[in-house]
Amino acid sequence: MKRIDQRAKDELRRVEIIPNVNRFAEGSCLIKCGDSHVYVTASVEDRVPPHVPMGEGWVTAEYNMLPRANRERSRRDVSKLKLSGRSAEIQRLIGRSLRAAVDMKKLAGYQITVDCDVLQGDGGTRTASITGGYVALALACELLVKNGYLKENPVVHQVAAVSAGIVENALLLDLRYEEDSSAMVDLNVVMTEGDRLVEIQGTGEGRAFDIEEQQKLVRLCTKGIHELMEKQNEAIELGKRTRPEV
């Protein structure tokens, strides 16, 4: 099938990760995956939640889609006095994914909260949040080491995520909204370096899918994640060199 934006079936949307977009956050970036744009900050606190074992740190995440991130205005979660089910599920995914990057014992005594605010959504906002969230997290941890708060960097794995799906029986990488909304199968994959899986979320919307199709989609995502990790590394190195003084 021919894609709306003329991409090849195994091609990512144009990806741009701009570090240090927030002067005050310990780590931050703006990630653009096609027309999906997510503003990410990582904030450090010298305390941990009660459930965290003594001698360890914690990483958590929050996710929010701004009212005009989509084609029609949505209500803010605060106006509904509760987090929407979708936002709650996505932020738990982001938190789990980013915790896979960190040795909590090396982060002892500190909590890092990664806030992901969707400025514009065109599919793949959860995977963009994870990919951008890792950049903000890595910059925050690097600063903790640089300033002497930690002896060694607690980031021990690189983490990125991307989607793939089956649309009109074609396997496609990195679905935009029109593709995602009409996909017969939709898969989100989170990986560390070395092609090790953190999480797979797969749904058969129009039909069930078999193990062979799942494996093909995972391999498609693996290719995309390799490319995203290169972008992450470039953004982190740029962020280290250009971090503003506060």
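Residues numbered from 1 in each chain as written. Predicted model: local features only at pLDDT ≥ 70, side-chain atom pairs only at ≥ 80, totals over all residues. Heavy atoms only, no water.

**Description of helix α1 (residues 85-99)**
Helix length check: α1 (15 residues) gives 21 Å between terminal C-alpha atoms against 21 Å at 1.5 Å per residue, within 8%. Close packing links the buried residues of α1 with β4 (58-65), β5 (111-120), α2 (125-146), β6 (159-167), β8 (185-192) and β9 (196-204). (Helix = DSSP H or I, 4+ residues; strand = E, 2+ residues; numbered from the N terminus. Expected span 1.5 Å × (residues − 1). Contact = heavy atoms within 4.5 Å.)

**Section: the sheet that holds β6**
Read across the sheet, four strands follow the order β7-β6-β8-β9 without closing on themselves; strand pairing throughout is antiparallel. The two strands at the open ends of the sheet, each matched to only one other strand, are β7 (170-173) and β9. Averaged over neighbouring strand pairs, the angle between their axes works out to 20° when direction is ignored. Alignment of β6 against β8, held across eight bridges, turns out to be antiparallel. (Pairing = 2+ DSSP bridges. Axes fitted to C-alpha atoms, helices over the stretch in contact; angles between N-to-C directions.)

**Here we look at the pattern of salt bridges**
This structure, assessed with the given rule, holds 18 salt bridges. Between R7 and E179 there is a salt bridge whose closest N-O contact spans 3.6 Å. On the criterion of sequence distance, the pair formed by R7 in the segment before β1 (15-19) and E179 in helix α3 (residues 177-182) is long-range, its members being 172 residues apart. Accessibility assignment for this pair places R7 and E179 in one class, buried. Between R176 and D122 there is a salt bridge, and its shortest N-O distance comes to 3.7 Å. (Salt bridge = Lys/Arg side-chain N within 4 Å of Asp/Glu carboxyl O. Buried < 20%, exposed > 50% of the residue type's maximum accessible area, 1.4 Å probe, protein only.)

**Some words on the sheet that holds β1**
One open sheet holds the five strands; their spatial order is β1-β2-β3-β5-β4, and the pairing between them is mixed. Across the chains shown, the open sheet's two edge strands, defined by having one partner strand only, are β1 and β4. On average, each strand axis in the sheet is tilted by 15° relative to the strand beside it, whichever way the strands run. The pairing of β4 with β5 spans eight bridges and is parallel. Along β5, the bridge assignment pairs A61 with V114. Here α1 sits on the sheet and contacts β4 and β5; the angle it forms with β4, its principal contact strand, is near 145°. Sheet strands touched by α2: β1, β2 (27-33), β3 (36-45), β4 and β5. Its angle to β3, the strand with the most contacts, is close to 35°.

**Looking at the nonpolar core**
In this structure, V40, I94, L107, I112, V114, Y134 and L137 are the most contacted members of the largest nonpolar core, which totals 62 residues. Residue contributions to this core peak at eleven residues, all from α2. Apart from residues lying up to four places away in sequence, L107 is in contact with E56, G57, W58, V59, V102, I112, L144, L150 and P154. If you look at the next biggest cluster of nonpolar residues, it comprises five residues, including A170, L172, L175 and A183. (Core = buried A, V, L, I, M, F, W, Y, C linked by side-chain atoms within 4.5 Å.)

Take it as geometry only, folks, not as evidence of what the structure does.
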